Amino acid sequence: MAPRLIITGSTGYIGARLVAMARERGFDVVELGRRLGPAWRIGDEPAASDLEGAIGLVHLAHSWATPPEAAEEENVNISGTLKLAEAAKAAGVPRFVFASSTSSRREALNVYGRTKFRIEEHLAACKAAPIVRIARIGLVYGGPRTAMYGLMAKLAALSPILPMIGLSRKVQPIHLDEVAAGLLALATGENQPLKTFVLAPEKPISFAAWLRILRRGQGKGNLHFIPVPLTAALLACRMTKLLPLIPTVDPERVLGLAGAAPMESSESLRLLKLNLADPAPTLAGEFGQTHEEPSRREAQALLRYLGIAPTEIQLQRLCEGLRREGLSPLGLSPAMIRHPGLLALFEPPANRTRHRLAQALYLADLASEPERASGKKVGFFGAMLAISSDVLLFPLRVLLAGRYR
């Protein structure tokens, strides 16, 4: 008989993937919810027959029915989670996994983070504490473009310039499949210690860098930001509800990001045997691009800038050389790709750009003569014009060159 696993919130972003993965691995999954499986909703007393015989329960459901202002006074998520955990303990379920968040803190800016923290506190003090495992989950990406991930993907693709708060704020993106694997390991693995697990990468990245990865993954150019204060961002969130054709942003989500703080995760990843993937190539694959496409476009632009008509072999060699040196694409804008001559504005101190140009120049030197652009003799007037333009453009180059460091 297949081992029985209970999952609440099974139709949500994480829950749907967890259910699919658990069934692929041979578990008999019981979806405890309103629409599928046994009729239940958070706050209800679950039937003992629905819980008995299970080897684990993963609690993902979270009710948004209560207005945020009242959520901390009488919050069904707190009372409902305690009721479910104690019922699981009484039914003999050996493991109860509560899906929390890295925004879970007593002083979190958003109601969601404070509620998760209060649930963790109550679970640690309740009768079910010996079977409880808490999983604080980082910024989840990948899979269907819904929930917070779908919103960020839309925003990143919306425009090359975005108003944004907290660009230096660190986030810890983790793929949906990795979250599902971690929860499954917690719910089914034996001898897991009584500790709070963190499902997130060890090295956080800035929120700005994360949005740029999301934009490049969709085959778009670089992303620029206009820093805005938190109050202005919250006002803009309210405006999104009134304006058509742009994604609606919940102020709770903005407050969650504004209050995010990195958490140590190395011990959790080791215990759960999770090796997290690099999000850039993963996203490029999911958005239908090959990992090579951004590098190829960039290589084409660099060779054309040097006056070379790129051949397939040159492109492959340049991409391979950059990859061997561990250099990811610069993220040249579509305008720069279409008009490589604009690279002249970025040459002087942009070291990475210069390095790539050196690679391209090496290939150009190896190219056969017919592949090179025909040389043109420059007269006195042309030379003076070139020198004058260099002098006039130098301040602009210095100003812009750091962009592609």
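About the thresholds
- Residues numbered from 1 in each chain as written.
- Predicted model: local features only at pLDDT ≥ 70, side-chain atom pairs only at ≥ 80, totals over all residues.
- Heavy atoms only, no water.
- Helix = DSSP H or I, 4+ residues; strand = E, 2+ residues; numbered from the N terminus.
- Buried < 20%, exposed > 50% of the residue type's maximum accessible area, 1.4 Å probe, protein only.
- Contact = heavy atoms within 4.5 Å.
- Core = buried A, V, L, I, M, F, W, Y, C linked by side-chain atoms within 4.5 Å.
- Axes fitted to C-alpha atoms, helices over the stretch in contact; angles between N-to-C directions.
- Left-handed = near helix turned anticlockwise from the far one by under 90°.
- Nonpolar A, V, L, I, M, F, W, Y, C, P; charged D, E, K, R; others polar.
- Phe/Tyr/Trp six-rings, centres within 6.5 Å; stacked < 30°, edge-to-face > 60°.
- Pairing = 2+ DSSP bridges.
- Expected span 1.5 Å × (residues − 1).
- Polar contact = N/O pair within 3.5 Å; in protein donor to acceptor, adjacent residues only side chain to side chain.
- Parallel < 35°, antiparallel > 145°, perpendicular 65-115°, else oblique.

Looking only at helices and strands, one finds 17 helices and twelve strands in the chain. Classification of the 405 residues of the chain by burial places 47% in the buried group. Long-range pairs, those at least 24 residues apart, make up 78% of the contacts in the chain between residues at least 6 apart in sequence.

I14, L183, L199 and W210 are the most contacted members of the largest nonpolar core, which has 52 residues in total. Per-element accounting of this core gives the leading share, eight residues, to helix α7 (residues 176-188). In contact with I14, not counting residues within four places along its chain, are L60, I137, V140, L176, V179 and L183. Judged by nonpolar contacts, the second largest core, of 26 residues, contains I42, A61, F98 and L123.

Glancing now at the packing of helix α8 (residues 207-217) against helix α12 (residues 279-286). Orientation of α8 relative to α12, taken along the N-to-C sense of each, is 35°, at an axis distance of 8 Å. Between α8 and α12 lies a crossing whose hand is right-handed. Side by side, α8 and α12 meet where W210, I213, L214 and G217 of the first sit next to P279, A280, L283 and A284 of the second. Taken together, the residues of the contact of α8 with α12 break down into seven nonpolar, one polar and no charged.

Looking now at the packing of aromatic side chains. A full pass over the atoms with the stated rule returns two aromatic pairs. Seen in terms of ring centroids, Y13 and Y149 are 6.4 Å apart; in terms of plane orientation they differ by 20°. Their pairing is stacked. In this pair, Y13 sits in helix α1 (residues 13-24) while Y149 sits in helix α6 (residues 147-158), placing the two residues 136 residues apart along the sequence. Classification of Y13 by relative accessible area gives buried; the value is 15%. With relative accessibility at 1%, the residue Y149 sits in the buried group.

Sheet architecture is open: six strands sit in the order β2-β1-β3-β4-β5-β10, paired in parallel fashion. In this open sheet, the two strands that pair with only one neighbour each are β2 (28-32) and β10 (196-199). Going across the sheet, the axis of each strand differs from the next one's by a mean of 25°, ignoring polarity. As judged from the four bridges shared by strand β5 (residues 132-137) and β10, these two strands associate in the parallel manner. Note that in β10 the partner of R136 across the bridge is V198. Packed onto the sheet, helix α4 (residues 76-90) meets β1 (4-8), β2, β3 (54-59) and β4 (96-101) and runs at close to 155° relative to β4.

Because each turn of an α-helix spans 3.6 residues, side chains separated by three or four positions in sequence point in the same direction. The end-to-end C-alpha distance of α4, which contains 15 residues, comes to 21 Å, matching closely the 21 Å that a straight helix rising 1.5 Å per residue would cover. Burial in α4 covers these residues: N77, I78, G80, T81, L82, L84, A85, A87 and A88. If you follow the buried residues of α4, they end up packed against β1, β2, α2 (48-51), β3, β4 and α5 (111-125). Near the N-terminus of α4, the side chain that reaches the backbone nitrogen of N77, with its oxygen 2.7 Å away, is that of N75. Backbone geometry just after α4 places G92 at a positive phi near 85°.

In this section: the pairing of β2. Counting buried residues along β2, four of its five residues qualify, which places the element largely inside the surrounding structure. In this sheet, β2 lies alongside β1 in parallel orientation, the contact comprising five bridges. Directly across from R4, in β2, lies its bridge partner D28.

A word on the packing of α6 against α8. Helix-helix packing is described using two parameters, namely the angle between the two axes and the distance between the axes. Interaxial distance between α6 and α8 falls to 8 Å at its minimum, and their mutual angle equals 80°. Classified by the angle between their axes, α6 and α8 sit roughly perpendicular to one another. Residues Y149, M152, A153, A156, A157 and L158 of α6 form the contact with α8, whose participating residues are F207, W210, L211, L214 and R215.

Position of S265 among the secondary structure elements: in the loop between α10 (251-258) and α11 (266-272). Exposure remark for S265: the relative accessible area of 1% places this residue in the buried category. A polar side-chain atom of S265 sits 2.8 Å from the main-chain carbonyl oxygen of A200. Residues in contact with S265, not counting those within four places in the same chain, are V198, A200, P201 and E202.

Before going further, it helps to spend a moment on unusual backbone geometry. Leaving glycine aside, a negative phi is the common case for residues, and trans is the common case for peptide bonds. The phi dihedral of A147 falls on the positive side, at around 55°, and the residue is not glycine. As for its placement among the helices and strands, A147 is situated in helix α6. You will see that N191, though not glycine, has its phi angle at about 65°, which is positive. Residue placement: N191 occurs in the loop between α7 and β10.

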